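# A structural walkthrough
Given next are the chains, with one letter for each unit.
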Amino acid sequence: MSRIGRQPIAVPSGVTVNAQDGVFRVKGPKGELTVPYNTELSIKQDGDQLIVERPSDAQKHRALHGLTRTLVANAVKGVSDGYTINLELRGVGFRAKLAGKALELTIGYSHPVVIDPPAGVTFAVPEPTRIDVSGIDKQLVGQVAANVRKVRKPDAYHGKGVRFVGEQISLKAGKAGATGGKGKK
């Protein structure tokens, strides 16, 4: 029995939902999203709650039940509150700034790295070593944040690079056998 699939989804005021023909549409103060879902499942509105129901306990329906409920809940939360992922830069001289809507990173390369945001995603730089990636689509915001992090992943020895706020990096030990230039013969 899917525990996640059975949970109702609260619909905040100001958000309108419509589910028909395998497409769930939600419109709120921050924008509009559509989520495709399997037509064997049903999404019903009961007052200010949404309930995702499955036709049987077949393995396929059980698998889709929790997935569909989570995707619908993410869309409802996205159009009402939005999503933000925070990144931080660690390293001497590492900094970020906005160039129009694009993000310009100075992170140890011979040239600045410019990242243009896709439609529906915005960058903010509250301080030179912090980046906020915001939008209404949870999957898209997460993917863009991962792409920014991929430009300069945290170094395994010093921890320098782009990382998520609160991310723990386990550092490797340096060379243990350094003897000052002369090796054993």
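Just above sits the structure.
Since we're looking at a predicted model, the values are computed, not measured. In this numbering scheme, every chain counts its residues from 1 along its sequence in written order. For a predicted model such as this one, the threshold for reporting local features is a pLDDT of at least 70, and the threshold for listing and counting side-chain atom pairs is 80 or more; totals across whole chains, interfaces and linings nevertheless cover every residue. Side-chain figures throughout are based on the complete set of non-hydrogen atoms in the structure, without hydrogens or water.

The numbering of helices and of strands both runs from the N terminus, where a helix is a DSSP run of H or I of at least 4 residues and a strand a run of E of at least 2. Counting secondary structure elements, the protein contains three helices and 13 strands. Radius of gyration (C-alpha) of the protein: 23 Å, far over the 16 Å computed for a compact globule of 185 residues. Considered along the principal axes of its C-alpha atoms, the protein spans approximately 75 × 45 × 20 Å. We call a residue buried when its accessible area falls under 20% of the maximum for its residue type, exposed when it is over 50%, and partly exposed in between, using a 1.4 Å probe and counting protein chains only. Counting the 185 residues in the protein, one finds 35% classified as buried. Here, two residues are considered to be in contact whenever any of their heavy atoms come within 4.5 Å of each other. Sequence separation of at least 24 residues holds for 50% of the intrachain contacts in the protein that already meet a minimum separation of 6. Computed by Shrake-Rupley with a 1.4 Å probe, the accessible areas treat only the displayed protein chains as cover when residues are assessed. When the accessible area of the protein is evaluated, it comes to approximately 11,400 Å², of which 51% is carbon and sulfur surface. Radius of gyration here is computed from C-alpha atoms only, and the compact-globule reference equals 2.2 Å multiplied by the residue count raised to the power 0.38.

Given a rise of 1.5 Å per residue, 14 residues ought to cover 20 Å, and the 21 Å separating the end C-alpha atoms of helix α3 (residues 138-151) matches this to within 8%. Buried within α3 we find V141, V144, A145, V148 and R149. With its buried residues spanning 140 degrees around the axis, α3 presents them on a single face. Those residues of α3 that are exposed and angled more than 90 degrees off the buried face are Q139 and K150. In a helix, the anticipated span is given by 1.5 Å times the number of residues less one. By definition, the arc is the one covered by directions from the helix axis to the C-beta atoms.

In short, shape yes, function no, at least from these values alone.
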